[in-house]
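Below are the chains, spelled out letter by letter.
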Amino acid sequence: MNRLSAERSAYLRHSANQKIDWYPWSEEAFQRAKEEDKPIFLSTGAIWCHWCHVMAKECFEDEEVTGILNENFISIKLDRDERPDIDRRYQQAVAAMGSGSGWPLSVFLTSDKKPFFGGTYFPPIDSYGRPGFKKVLRAVADFYGSKRKDVDEYSEKLINLLRPKPLLSKELNESLINEAIKNILSEFDPQNGGFGTAPKFPMAGAMEFLINRFFFTNSEPIGHAIKKTLESMAKGGVYDQLGGGFHRYSTDAQWIIPHFEKMADDNAWLLRNYIYAYSVFGDEYFREVAEGIIGFLKNVLSDYRGGFYASQDADVTPEDEGGYFTWTDEDFRRVLDEEEYRVLTLHLFNGNGAMHHDESRKVLFIAVEAEVVADKMGLDVTRVIGIIKRGKEKLLKERNKRETPFIDTTLYMSLNGLLIASYLKAYRILKEEYLKDFSLKSLERLLKSHFIGNELFHSEGISAVLDDYVYLIDALIAAYEVTADSSYLDRADGLMELCIKKFRDKDEGGFFDTDKEVLGLRLKAIEDIPHPSANSTGILLLLKLYYLTGKEIYHQYAEEALKVFLKNAEDTGIHAGYYFCAADAYFNSIKLTLETTPASELAETALSLYVPYSGIAYGEDNGRVIPCLKDICGEAIRSPDKLKDFLRHRS
C-alpha cells in the first residue's frame, strides 16, 4: 500500500501511484523495519529535480525494482524542501562514504535511522559508469542479512563521524578581509567569469562580499571579477533570455547549458547581487537583469494573495530535458519573420547551446552582441535592438503556449523571508511601488499562517529550522527600514531573542541548524552550500540589531560566532563567502538615524543608495540624518546632496 497520496508535499504525491510500498518519513516505517528485520531504503529529492524524475521513471516504475524493494526493504520517500534538516544529515553521510552528494539521494538505513550505504542517482542496470539499481538492491539486502554486525558497527562509526567537532576560537583581525579577497580572486575564471570549473554555481555570498569590498576600495581586479561574472551569467543560458530569472546552475564553464529548475532562493540571492551591482557600478544592464528576475518571480513564483512559491520544475517530462526552455531551427522559422529569424539566430541561437540528448534543440544565450549583429548584417544597431526585442516577445508568447513545468506552490517560511527581504532591498533602489506593496502583503500573510502561538513553522505542520528564523528576521528589519513602522523592528528583535534561545550553541557560540537533535545530531556550519549560510546571515543580523536596538548582547554573540567560525571559514575559502561579509560588517558597520519621515528627500537619499553593512533607524522629525560608524557618531547631515556625497565616499 502506497501511503503518499495524503501528503502535503507535491513531490511525495507525485509518487503516490507507484507500486512501491512507500512510507513518508514516519516512526511507523522504522517500527515496521524493526519488526520485520528489514533495512530501510530512503529516497530523498525534490519536485524540481530532473534526475529524481529520471530515476523515478527508470527504477521506481520498473516491476522488478518494485518487487525487490517491497520484498526486502521498507521504503521511505522524503521531500528535501520540506525536511531540509533530515536531508542535510544524510547528504553528509553519503558524502562521507565517498559517494558524492545531490539529488536524488539514495540511502540505506538501519531501523534506528543510521545510514550504512548510499549514493545519488542509480540507473536500473549498469550504465553511465554507475552500478545498476537492481544489482545494488540485491547486494545491500544480502549484506544486511549476512553481515549485520558489520552494518551496525559501520553505521555507528558513520554517525559519530558526522558529529560536529569542537571549534577553536580565533581572534579577529581586519587583515582577514584582504586575505579572503585574495583567496576568492585566485579561483576567478577570467575567461568565462565565475569561480572554478564546471559545474558552475552562482556564488551569491562571495559575490556580495566582492561587491561590498569594491564599494570600499574601488579595486580594479575586484571590479573586473564582479562585472565579468555577472555579465557572463546573464548572457549565458543559465539566465532565461526570454522569461527572466536564473536556472539553478550551469553544467559547463561557459554558463551555457543549465540544469533547468528555477528556484526561489537562487533568484532571491541573485536579485541582491544584480541590484547591488547596479547601485555600485551604475550599469543599466545589471538593472535590466534584476528586473528580469523580478518579472520571473512576479509571473511564475508569486501568489496574488501574497507569498512566494518554492520552485519551477526543470522539465515537463524527464525524457525531454529542458524541452520547455529550448528551441529548434524549425521553431525559429515558424515563429519569426525573415528579418527577425536572421537577427535572432545570430544573436541567441548557437551550436554551443545544443542539448546533449537532441542536438537540434538549443538553449538560447547571447552568442553575438547586438552591435556585432548590426555590423555583420549592415543594419543600424538601434534597429537591431528593436528587432531583437520584438523577436523575443514573439518567442516568449509562443513558449507560453507550451505545457508549463510544474510549479511547487508550497509557501516555505525561509524562502518567503528571503524573497521579501530581497524585494524590499530592490524597492529601495528601483522605487517600484509593487515591490514594497507585495512584500508587506506577503509578510503579513506569512506571519499569520506560519507564526502560531509563539511557534514558527517552516511549512504547514513542519517546525521551523534556523533558516526560517533568520530570513524572517531579515524581512522584518527590511520592512522597518522602508516604512519606519517600529512594530516590524520589535518583532525582529523578539524573534532574534527566540532564535538565540532555540538555536544558539551556549558552549561555543554560533547557531545550530535545528532547535532539537535530528537523527541524534545538531549541526553547526558556516559553508555556503551554495547559498549563503544561515549562520553567516544570523551573525550579520545580530550586528544590525545591535546597532538598531543598542542591545550589547547581540554584539557579543556576533563577535563570539565570528571567532569560533574563523578557522573553518579560512579553510573553506570561497564557500564561506558570506562569513566574510559578516566579518566585514563587524569592522565596517554604519548606522543612519533618520530624524525625518521615510517620504522626505533626505530619507529617500539614504534609502536609495546601496551602502554595505548599513542599518536605518528612525527618530523624531528634526530634518536631519545622524551617521554613526560603528559606535562613533558624526555631525548631523541636513542636505540630501551632502548625505549622498557622504555615503558615496564611505571608503
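One structure accompanies this document, and this report is about it. Only a predicted model underlies this, so the values are computations on that prediction, with no experimental measurement involved. (Residues numbered from 1 in each chain as written. Predicted model: local features only at pLDDT ≥ 70, side-chain atom pairs only at ≥ 80, totals over all residues. Heavy atoms only, no water.)

1. Quick word on the packing of aromatic side chains
Consideration 1: In the structure shown here, the tally under the stated rule is 43 aromatic pairs.
Consideration 2: Taken together, a centroid distance of 6.3 Å and an interplanar angle of 55 degrees make the contact between Tyr-423 and Phe-438 tilted. With Tyr-423 in helix 17 (residues 413–430) and Phe-438 in helix 18 (residues 433–450), this pair connects stretches of sequence that are 15 residues apart.
Consideration 3: You can call Tyr-423 buried: its relative accessible area is 0%.
Consideration 4: Residue classification places Phe-438 among the buried residues on the basis of a relative accessible area of 5%.
Consideration 5: A connected cluster of aromatic rings, assembled from ring pairs, spans Trp-22, Phe-41, Phe-60, Phe-73, Phe-108, Phe-117, Phe-122 and Phe-133.
Consideration 6: When the ring centre of Tyr-23 is taken as origin, the NZ or CZ atom of Arg-3, which lies over that ring, is 3.7 Å away.
Consideration 7: Here the basic side chain of Lys-113 rests over the ring of Phe-30, its NZ or CZ set 5.2 Å away from the ring centre. (Phe/Tyr/Trp six-rings, centres within 6.5 Å; stacked < 30°, edge-to-face > 60°. Helix = DSSP H or I, 4+ residues; strand = E, 2+ residues; numbered from the N terminus. Buried < 20%, exposed > 50% of the residue type's maximum accessible area, 1.4 Å probe, protein only. Lys NZ or Arg CZ within 6 Å of the ring centre and 35° of its normal.)

2. Structural notes on the pairing of strand 14 (residues 455–459)
Consideration 1: Bridging between strand 13 (residues 451–452) and strand 14 involves 2 bridges; their strand directions are antiparallel. When the bridges of strand 14 are listed, Phe-451 appears paired with Leu-456.
Consideration 2: Connecting the antiparallel pair strand 13 and strand 14 is a turn made up of 2 residues, with Gly-453 showing a positive phi of about 55 degrees.
Consideration 3: Inspection of the sheet shows strand 14 paired to strand 15 (residues 462–463) by 2 bridges, in the antiparallel sense. When the bridges of strand 15 are listed, Phe-457 appears paired with Ser-463. (Pairing = 2+ DSSP bridges.)

3. Side note on the pattern of salt bridges
Consideration 1: Summed over all chains, the structure comprises 57 salt bridges.
Consideration 2: A salt bridge links Glu-36 to Arg-32; the shortest N-O distance between them is 2.9 Å. Placement of both Glu-36 and Arg-32 in helix 2 (residues 27–36) is noted, with a separation of 4 residues, approximately one turn of the helix.
Consideration 3: Residue classification places Glu-36 among the partly exposed residues on the basis of a relative accessible area of 35%.
Consideration 4: Here Lys-262 makes a salt bridge to Asp-240, at a shortest N to O gap of 2.9 Å. Of the two residues, Lys-262 is situated in strand 8 (residues 262–263) and Asp-240 in the loop between helix 10 (220–235) and strand 6 (249–250); the sequence distance between them amounts to 22 residues. For the pair Lys-262 and Asp-240, a shared accessibility class is recorded, and that class is buried.
Consideration 5: Each member of the salt-bridge network shares a partner with another, and the members are Arg-3, Asp-21, Arg-32, Glu-36 and Lys-38. (Salt bridge = Lys/Arg side-chain N within 4 Å of Asp/Glu carboxyl O.)

4. With respect to unusual backbone geometry
Consideration 1: The residue after Trp-103, namely Pro-104, is reached through a cis peptide bond having omega 0 degrees.
Consideration 2: The residue Pro-104 is located in the loop between helix 5 (84–96) and strand 4 (105–109) in this model.
Consideration 3: Cis geometry is found at the peptide bond from Ile-529 to Pro-530, where omega equals -10 degrees.
Consideration 4: With respect to the helices and strands, the residue Pro-530 is situated in the loop between helix 20 (486–503) and helix 21 (534–549).

5. Describing the packing of helix 6 (residues 133–146) against helix 7 (residues 148–162)
Consideration 1: Two numbers describe how helix 6 lies on helix 7: the axes approach to 5 Å, and their chain directions differ by 100 degrees. For the element pair helix 6 / helix 7, the angle class is roughly perpendicular. Note on element contacts: helix 7 touches helix 6 through Arg-148, Asp-150 and Val-151, opposite Phe-143, Tyr-144 and Ser-146. (Axes fitted to C-alpha atoms, helices over the stretch in contact; angles between N-to-C directions. Parallel < 35°, antiparallel > 145°, perpendicular 65-115°, else oblique. Contact = heavy atoms within 4.5 Å.)

6. Let's talk about helix 4 (residues 63–72)
Consideration 1: Among the residues making up helix 4, those that are buried are Val-65, Thr-66, Ile-68 and Leu-69. On an axial view of helix 4, the arc spanned by its buried residues comes to 165 degrees, and they lie on one face. Residues of helix 4 that are exposed and angled more than 90 degrees away from the buried face: Glu-63 and Glu-71.
Consideration 2: Next to the buried residues of helix 4 lie strand 2 (40–45), helix 3 (50–60), strand 3 (74–79) and helix 6.
Consideration 3: A distance of 2.9 Å separates the backbone nitrogen of Glu-64 from a side-chain oxygen at the start of helix 4, and that oxygen is part of Asp-62. (Arc of directions from axis to C-beta. Polar contact = N/O pair within 3.5 Å; in protein donor to acceptor, adjacent residues only side chain to side chain.)

7. Section: the sheet that holds strand 2
Consideration 1: Pairing in this open sheet of 5 strands is mixed, and the strands run 1-3-2-4-5 from one edge to the other. Among the strands making up the open sheet, the edge pair consists of strand 1 (22–24) and strand 5 (115–119). When the angles between neighbouring strand axes are averaged without regard to direction, this sheet yields 25 degrees.
Consideration 2: Relative to strand 3, strand 1 is paired through 3 bridges, and the arrangement is parallel. Within strand 3, the position partnered with Trp-22 by the bridge is Ser-75.
Consideration 3: Lying over the sheet, helix 2 contacts strand 1, strand 2, strand 3 and strand 4, oriented at roughly 160 degrees with respect to strand 3.

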